[in-house]
Structure formats: structure tokens, C-alpha cells
Amino acid sequence: MKNNYLVLISLLLVSCSMLGQNKTITASFTNTPLEEAILKVETLSDNTFYFDEIWLKGHFVTKNFENEPLRDVLDGLFANTNINYVLQEGNVILLNNTYVYTELPSDYFNEAKPDEKVIEENNNTPIFQEEYASPQTVRNRKMVTIGKQRPNAANKTYTLTGVFKNAKTGEPLQSLSISTTDRTKYAVTDSDGGFSIRLPYGLNKLETNLLGYEKIRQDVIMYGDGTLNISLQENTESLEEVVVKSNKDANVRDAVVGVTNIDIESIKTIPLVLGERDILKVATTMPGIKTTGEGSSGFNVRGGRSDQNLILLDDAVLYNPSHFLGFFSAVNPFTTGSLEIYKASIPAEYGGRLSSVFDIETKSGNMEKFSGEGSVGPITANLAVEVPVVKEKASLITGFRATYSDWILRSLNEDELKNSQASFYDGIVKYKHNIDANNTIQGTFYYSKDRFSITSDSVFDYNNRLISLKYGHNFSEKSRAELILVNSQYKYGINYEADANENFDFGYELNEYQAKLNLNYKLSDKHKLSYGLSSKLYSIDPGEITPIGSTSDVSPKKVDREKGLESAIYLADLFEVSDKFLLDVGLRYSIYAALGEASQNVYAEGVPKSESSIVEVKNYGKNEVIETYGGPEYRISARYLLGNDFSVKAGFNRTIQYLHLLSTNTTQSPTDIWKLSDLNVEPQRANQYSLGFFKNLPGKDVEFSIEGYYKTMNDILDYKIGAQLILNDDLETELLQGEGKAYGVEFLVKKNAGRFNGYFGYSYSRSQVKLDSQIIQERVNNGEFFPANYDKPHDFSVVANYKLTKRFSFSGNFTYQTGRPITYPIGRYVFAGEEQVLYSDRNQFRIPDYYRLDLGVNIEGNHKLKKLAHSFINISVYNVLGRNNPYSVFFVTDEGQIKAYKTSIFSVPVPTITYNFKF
């Protein structure tokens, strides 16, 4: 009987709901408010509508209906809204994103058969975790509904996209993790703060994690695809240590291989020379990044020369990244927001160098309150200040660093340096303005200057100047563009006043101007496109010498200016082939033109280049094209997941470099000169193949990686023995171009959190050069491969930190490297009646191996919230073992005897106390 009643009631409901639905409606609406349109349909249909006016605000209708049933009219009116409806007995009841089922699903009463298996979804490993963390405040946000509820959608999944931003600065938040609370679904934001995550129908509980930002929980009801944008506050409520590892599996899941990220905040505990916090020196403790020696300038990345690194500060090239003869970097750590180093998988937007990209970005200033950070050390003082110009919209950050003592050079174990002097300073200003939600503008100005005198008669000085302007615009949630204008300048000079007859001034200047347009477009969930174009103008004044005083016999001379135009266009696609396979494919096509006004020599074939072998001199007018070079540059990388926390990656890079650094020193020197490709100097080219395995230990926050690479290089520049590189009108006669190859294996173990954290890195690598030619005078070591000046097969580093309490910690740094190659005298011979020294093949021997141990104690001030400034004291000892590491070995003939001498930089332990403060 009960079943009969149910059937009767159902029939009555259905028949009632059909009343008034057969009447057709004709109506036309043009940008009509939805409420007004509903009232008109109410009159035409003889139905009564029930609704809340708030649901309809902001909705407009542009539709034409011609003799259409009521249901079709209602479906058309509510197509782009969250409104559903129920028809019953001449009444139309509107529902705000709620659907009333008038019948049960066909399989509602079906039960699983005994022989059917229930397949459960495999839970992925969480992408974040907290270790040694004090309780963190979690903010629950108001529940939101995405999409419109529809029938028969319960078994579907939908895509939620959006952007996370800093609530103060409007900066996109990169590497933020967002996941369901059960960790079964997750995503990580990209460089623009964007994310995409697939979620099932219905209620989903999401939470976020990013170091330094509040943690939120967000309930989201998914009825369809949609967008959710969120702004997060910086988490400054507590000074207790909170270590949150966001994007925990990013090293495993990203497609890129050979990328190093430097955590700017964590480097404060690493003991370095004279207690100076130095992001670039820390980078050299990572596998694959080396220097030629202690206190040396420049970097050698995966067997490349120091000029093969593109060092960018807010998109502008920093040509000399060092201070104080290479002891310190020229980048202020207190104003630096991030540093990414690409040793392979170089993005297609970057070009002009063979080996690596150091992408340094200045952080944006605080848009809410005045704040700052500073330090006082034994030879430098540093202060950075953040000022809100327009609250929550515009900010300014400025930093200044300078030396106030040159006692360090006087303390070195060299009599010739007792009267030396050295000083430097650098300053940076960055302005950021969020015009509105879709438009931002920022500008950076940077200037640094060094002045030093190694002898009492010569004063050297050099400076960097950078100007960078960037305008960003969001066309939509899927499309963004950036227009970048930059200028980089590098200058140096020498003032010599020792002999009135030889006093002179020498000056050198390089300028670079660039315009760049970058665009990003999210084509779909599987394809993320980036594309753009750039053009760069080089202008180099290779040198000018002028006499000082009327008695100087020095003849004034100026070498002709060099100019070149380098342009490129690029396209890249991040393609998610499947859940396991990710492909990043890019193509960059670059073209370079050497420009006049200039004179170029044409030399006879088959004989050494010299003044006597010139067969023609070609003269080119202003901006006339002298020679062009170019070609495609391929950027391919791929990742395949072998598990949730284990992947294999591979990559291939082809790069071209049109600008060359010429130096007769083993290490990069402030007085080196840059040379553009022209009629006689080909651009350098390289191919690099990379393969790596990446593994994380679940629950341990420990990363393992092992990477191998093989690189070939063509037309790399070298020079003849005794070459004269400065003020040489025919510089090409001193140069050699040859081949290079580099290969190696890099191993890294890294623990990111806990009381004991740090990393261990080891690399075995070789870098070799081949200078072969049919002309015997241009052949080195019989045309065979020989070790490059910076070839150091074994490189071993350990950086560790142990947190004893919340205020006290101990840190250590140990480094071991194979000694670099050197050429030794191995005998004597008599030629033309004079005794000569016979040297070995170039770089046949090596100086002694290098190793060093540094230790430090870190003391934080008390953690009271209400205080003028929060302090941090670092007490460190550099070279604890007092190892007399050789910087160089040279030979002197003394009374017929050839004697070897070794120079060292720091041969004794160097203690330092540095006081840091933050307000």
C-alpha cells in the first residue's frame, strides 16, 4: 500500500509541474537586467516567480525568444548564472546554485555485486610537511561555490584555476603549494602565481603552504570549472622558527634539469670570509659551480669560461659581479629576493651566453609599513630600507653597502701589499607600483664602484651601472605580457703616476641597451606557452690612453669603437603529455650583426695573422653591417615520474654567444676587455646533453639528485703566449679559436629542515681545450686536448647547520678541490748563444689541492614581539685549520736558478664578528 501512495504522489507532482509549461513565449532582451527580464517572463507565462533579488544583481540578458517553451526560455536566461529553478503548479521557484532532483538516479538502488572489486584511488605523497615547527595560525576563509550545480554531475571532476598574490605588494607567489586536506589532490604555483588543480564534484577542503606566509583553509564547492584568486598576508606574527617546505616535490616534478635555487634567508648562517653574507659565494658550494681560486672573480659553470655566464639583476646584465678583487659579490643580500641558476635547461627567453644564467631578482618593498635590515662587520656596513609610498599599491626598497677600512690588504702576508688600499660601495633602488589588478610597473637603478691600489704608483677603479624598467599587463587569467627596457654599463680606468715621463690615464667602457617583450598564454591545462622577442645593442670603447702632465712621453691613443646588434625571437611550450610525462620544448632563433663605423683586416689564407699577412683593409660606414651570424638555439627538457617522489629528467641545450671576454689572467680581472664577434672573430657555440635522477625521502625532507652532462664547444677564444690585448688595433692577430669539451657527474644530498640541516655536494668534472690549426704557430700542445685553466676534477663541499635552541645554532662549511692546472719549466736549452727556459706543455701540471674548514656560531636576539629591532650575531672563523692554500705559483730566474714561489690569500684563521639587525 505504501508503494502505491508513493507512485500516486509522484504522478501528482509531475502533472502539477507541467501546468503552464506548454504555453510558448515570445520576448526580446538587449542588455536587460535579469530581474526585469524575469518579471516580463512572469507576465507572459502566467506563472508566479519566487526569488531573492540579491541573486540577480549584476546579471544582464541579451537574448531573443520566438514561440519557445517556458523551460527553454528559463534555460536561456540563466545560462551564464548560478541560478537553477523548479516548476510546480504555476509557480517558478528560483534556487541559488542548488538543484532539486525530481527523480532518483537510475542506479540509486543498485548495490555492488559480490564479485565486483572496489578500486580505490592511490593517494599521492603530500607535497609539503612541517618539521620542528611551532604552532602556526590557520585562517579559515568563507566557503565559495564554483560553477553551477547541474543534474547527473556527481561523478565528474572539474578544474579550479587562479592566482595567489602577496596581499601587501601584489607580487605573484611562486612555489606555493595548494592541496586537499587528505593530500590526494595538489598543485604548485608557477612564476606568475598561477595554479591549476582538478577537483571532484561537491565539497573540497583545500589548504595552502608557503614559507613566510599565512596558512589558509578554503572550502570550495565544485559544480563546474572556475577561477579562485587569493591574496595572502605575510606571516610575521611569531619569531619562533617555522620551517615549511613548500613545493616539496618540485625538484622531482619540474621538467627542468640542472637548476639551482639559493634560499636567500638561510645563507645567513653559512660562515664566509669576514662574515659577509654573500649569495654568489654560497652558489659556488653547489655542484657544478666553481671558481679558479680563493678571492677570484667570475664563475666556471659545468666546464665553461667565466664569460659564458649571463648574470642578470632585474633583467639587466651585471658585467662584473664582484667587489674587493673578488672577495665579495656586488649583489646586496638584504635587497635580493631570489636567485635561480640555470646550468642546463636554460629557458628559451635567455640567450647570449653558452654555460649558464644567474637570474637575480630584487625583492619588492613593504607596501604596508616602514621596515629595514642591516649589518655591521669588520670591513663593511650594510643597510636596506623598505618604504610604502602608496599603501597597498606602491613601495620603494633601497640598499647601500660600503667599506670603511682597508686594513685587510695590509694584513696579508705580502710585503708588496703593505701600502695597498681598496674600497668599494654599491647602492640599489627599486620602485614597484600596482596600478590596478591587471597592470604593474617597476623600475630598478643600481650602481657600484671599486677603487684599489695594489702598488703605490697605480690606482685602478671600475664600476657597474644598471637601469631596468618593466611593465606588466594581464590580458586575462590565461594571458600575460611584460615589456622590459634595460641599460647596462661597465667602465674601468687606470691612473699611473710613478714616473713623470710615463704618467697616463687609461679608460675602458662597455654599454648595452636592450628591449624585450615576454608573453605567456595558457592554451589549455596541458599546454602553457611562452613566447617573445628581444633586441640588444652593444657599444664598446675598447680603450683610450692619455698622457698626464706636459712631461709625459706617453702618446695618446684610442681604439675604434665596436658595435653590434643581437636580436632574437623565441617560443616555448610546457606540455603535460600525461600525469607522469612532462615536456618543455623551446626554440630560440638569434641573429647578430657587427656594425660600423669600423675598419676590418682581411688576411691571407694558410699563414699566421699578422701585419704582413693583411691583403685588404675594408672600411665600413656608420651602422653599416660588417658581418652577420645567427642560427637556431634548441631548448628541450623532459621529466618522467618513476614514482610520486622519484623521477628521471633529460635535457638538450644549444646556445650561441657573440660577446667574448679576453684575459691573460687565470681568473677574471677588472681590467679584462670584452670583444664582439666581427669579420675575423666567430661567435662561440655549444651543445649540452644532460641526464639526471631525482629522489625525495617521504617524511624526511631529504633530497637526492645525481646529474650527468656532456658539453661540446666550438670557436671558443684563447690567445697566443705573450699576447698584447689592450690598445691593439689588430687584436685578432693575438687570438686563437678552438674547440672545447666538458663532462661530469654531480651528486647532491640536501636536508632542508629540522634541527640538523644542510647539504653535501660532490662533482667529478673535466674541462678541456683543443687549439689545433694547419698553421703551426697557432697550434698548442700539438693540437691535442689539454686541461683548461679552471679544470678541477674533484670538488667536494659540505654545508651544515645545527640548531641547539631557538636562539643558538652552530654552522660549518668544508670545501675540497683539486688544484688547478699550471705550466711548469722543465729544462733549459741554448739558442743563439743565450740560455732559454724550456716549459712543459700548457697546463700539464697542477698546483697543490685546496681545502678549507670554516666554523661559526649564530646567536639570535630574544624573541619579544615589541622591540625596536630584532638582532642576529654571527661569530665565525674562516680557514680554521690555517691551511696555506696556494692562490698561484710563479717562477723567477735568480742568479741562474729557476725558483718557484707560491702566493696565498688567507694562510691563517680569520675570526669575524658580524652584527645583523632587522626592524
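Rules and cut-offs
- Residues numbered from 1 in each chain as written.
- Predicted model: local features only at pLDDT ≥ 70, side-chain atom pairs only at ≥ 80, totals over all residues.
- Heavy atoms only, no water.
- pLDDT = per-residue confidence, 0-100.
- Contact = heavy atoms within 4.5 Å.
- Helix = DSSP H or I, 4+ residues; strand = E, 2+ residues; numbered from the N terminus.
- Buried < 20%, exposed > 50% of the residue type's maximum accessible area, 1.4 Å probe, protein only.
- Core = buried A, V, L, I, M, F, W, Y, C linked by side-chain atoms within 4.5 Å.
- Pairing = 2+ DSSP bridges.
- Expected span 1.5 Å × (residues − 1).
- Arc of directions from axis to C-beta.
- Axes fitted to C-alpha atoms, helices over the stretch in contact; angles between N-to-C directions.
- Phe/Tyr/Trp six-rings, centres within 6.5 Å; stacked < 30°, edge-to-face > 60°.
- Lys NZ or Arg CZ within 6 Å of the ring centre and 35° of its normal.
- Patch = residues over 30% accessible without salt bridge, like charges linked within 9 Å, V, L, I, M, F, W, Y side chains within 5 Å.
- Areas by Shrake-Rupley, 256 points an atom, 1.4 Å probe, with all protein chains shown as cover.
- Salt bridge = Lys/Arg side-chain N within 4 Å of Asp/Glu carboxyl O.

(A) Summary view of the confidence of the model for the protein chain. Predicted confidence across the protein chain gives a mean pLDDT of 84, with 87% of residues reaching 70 or more. Contacts from residues 1-20, a stretch scored under 50 in pLDDT, to residues over four places away or in other chains number twelve contacts. Here residues 111-135 is a poorly scored stretch, pLDDT under 50, and it has 63 contacts once near neighbours within four places are set aside; other chains count.

(B) Inspection of the environment of Pro 287 at higher detail. Mapped onto the secondary structure, Pro 287 falls in the loop between α6 (279-283) and β18 (289-290). Using a relative accessible area of 8% as the deciding quantity, one classes Pro 287 as buried. C-alpha separation for the pair Pro 287 and Glu 707, spaced 420 residues apart in sequence, amounts to 9.7 Å. Setting aside its immediate chain neighbours within four residues, Pro 287 contacts Lys 343, Glu 746, Phe 747, Leu 748, Gly 761, Tyr 762 and Ser 763.

(C) Geometry of the nonpolar core. Core analysis: the biggest nonpolar cluster contains 56 residues, and Tyr 319, Phe 506, Tyr 508 and Trp 674 have the highest contact counts within it. In this view, Tyr 508 contacts Tyr 490, Lys 491, Tyr 492, Ile 540, Asp 541, Pro 542, Gly 543, Ile 673 and Trp 674; residues no more than four positions away in its chain are not counted. Counting 31 residues, the second-largest nonpolar core is a separate cluster that includes Ile 270, Ile 311, Ile 360 and Val 486.

(D) Highlighting the sheet that holds strand β24 (residues 336-342). Sheet architecture is open: five strands sit in the order β17-β24-β25-β20-β21, paired in mixed fashion. Strand pairing shows two members of the sheet lacking a second neighbour, β17 (259-262) and β21 (316-317), which therefore form its edges. Inspection of the sheet shows strand β20 (residues 309-313) paired to strand β25 (residues 356-362) by five bridges, in the parallel sense. Within β25, the position partnered with Leu 313 by the bridge is Ile 360.

(E) Representation of the side chain of Asn 813 in the model. When you line up the elements, Asn 813 lands in strand β50 (residues 808-817). Setting aside chain neighbours within four positions, we find Asn 813 in contact with Pro 271, Thr 285, Val 798, Val 799, Arg 852, Leu 853 and Asp 854.

(F) Structural view of the environment of Phe 756. One can find Phe 756 in strand β47 (residues 756-770). Considered as a pair, Phe 756 and Asn 801 are 45 residues apart in the sequence and their alpha carbons are 5.8 Å apart. Leaving out residues up to four positions away in the same chain, Phe 756 has contacts with Lys 751, Ala 800, Asn 801 and Tyr 802.

(G) Molecular detail of helix α2 (residues 34-45). Taking 1.5 Å as the rise per residue, α2 with twelve residues should run 16 Å; its terminal C-alpha atoms sit 16 Å apart, in good agreement. Taken together, the buried positions of α2 are Leu 34, Ala 37, Ile 38, Val 41 and Ser 45. Angular distribution of buried residues about the axis of α2 spans 100°; they occupy a single face of the element. Where α2 is buried, its residues touch β1 (24-33), β2 (48-50), α3 (53-56), β3 (60-69), α4 (70-77) and β5 (91-96). Remark: Asp 46 follows α2 within two positions and exhibits a positive phi of approximately 60°.

(H) Structural view of the sheet that holds strand β10 (residues 186-188). Overall, mixed pairing links the five strands, which are arranged β7-β13-β12-β9-β10 in an open sheet. In this open sheet, the two strands that pair with only one neighbour each are β7 (138-146) and β10. Averaged over neighbouring strand pairs, the angle between their axes works out to 20° when direction is ignored. In the sheet, β7 pairs with strand β13 (residues 215-222) via seven bridges, with the strands oriented parallel.

(I) Local environment of the packing of aromatic side chains. Applying the stated criterion across every chain yields a total of 27 aromatic pairs. Seen in terms of ring centroids, Tyr 425 and Tyr 447 are 6.3 Å apart; in terms of plane orientation they differ by 40°. Their pairing is tilted. Note that Tyr 425 is positioned in strand β29 (residues 421-436) and Tyr 447 in strand β30 (residues 439-453), a separation of 22 residues in sequence. An aromatic cluster is defined as three or more aromatic residues linked by ring pairs; in this entry it consists of Phe 452, Phe 460, Tyr 462, Tyr 490, Tyr 492, Phe 506 and Tyr 508. One Lys or Arg, Lys 649, reaches over the ring of Phe 694 and ends 4.4 Å from the middle of that ring.

(J) Structural view of unusual backbone geometry. For the bond running from Gly 596 to Glu 597, omega is 20°, close enough to zero to count as cis. For Glu 597, the location among the structural elements is in the loop between β37 (581-595) and β38 (598-603). Even without being glycine, Asn 31 reaches a positive phi, approximately 50°. For Asn 31, the location among the structural elements is in strand β1. Positive phi outside glycine occurs at Asp 715, with the angle close to 60°.

(K) Main features of a nonpolar patch on the surface. Residues Val 429, Ile 435, Ile 441, Phe 445, Ile 467, Leu 469, Tyr 471, Leu 483 and Leu 485 make up a contiguous nonpolar surface patch of about 720 Å² in total accessible area. Here the nonpolar patch takes three residues from strand β31 (residues 458-474), the largest share from any one element. Assignment of secondary structure puts Leu 469 in strand β31. You can call Leu 469 partly exposed: its relative accessible area is 47%.

(L) Fine view of the pattern of salt bridges. As enumerated under the stated definition, the model contains 28 salt bridges in all. In this structure, Lys 675 and Asp 678 form a salt bridge, with 2.8 Å as the shortest nitrogen-oxygen distance. Neither residue differs from the other here; Lys 675 and Asp 678 are each classed as buried. Through salt bridges that share partners, Arg 302, Lys 343, Glu 707 and Glu 746 make up one connected network.

(M) Quick peek at the pairing of strand β9 (residues 177-180). Of the two faces of β9, the one carrying Ser 177 and Ser 179 and the one carrying Ile 178 and Thr 180 are both buried. Here β9 pairs with β10 via three bridges, running antiparallel. Bridge pairing in β10 links Ile 178 to Ala 187. In textbook terms, the turn of a hairpin is the stretch between consecutive antiparallel strands, and for β9 and β10 this stretch comprises five residues, one of which, Arg 183, has a positive phi near 65°. Bridging between β9 and strand β12 (residues 202-209) involves four bridges; their strand directions are antiparallel. Bridge pairing in β12 places Ser 177 opposite Asn 209.

(N) Seen up close, the pairing of strand β28 (residues 394-403). Within β28, seven of the ten residues are buried, which leaves it mostly tucked inside the rest of the structure. Here strand β27 (residues 380-390) runs beside β28; their pairing, made up of ten bridges, is antiparallel. Within the sheet, the bridge partner assigned to Ala 384 lies in β28 and is Gly 399. Between β27 and β28, which pair antiparallel in sequence order, lie three residues; one of them, Glu 392, sits at a positive phi of approximately 65°. For β28 and β29, the ladder comprises nine bridges, and the chain directions are antiparallel. Across the sheet, Ala 402 pairs through a bridge with Tyr 425, a residue of β29.

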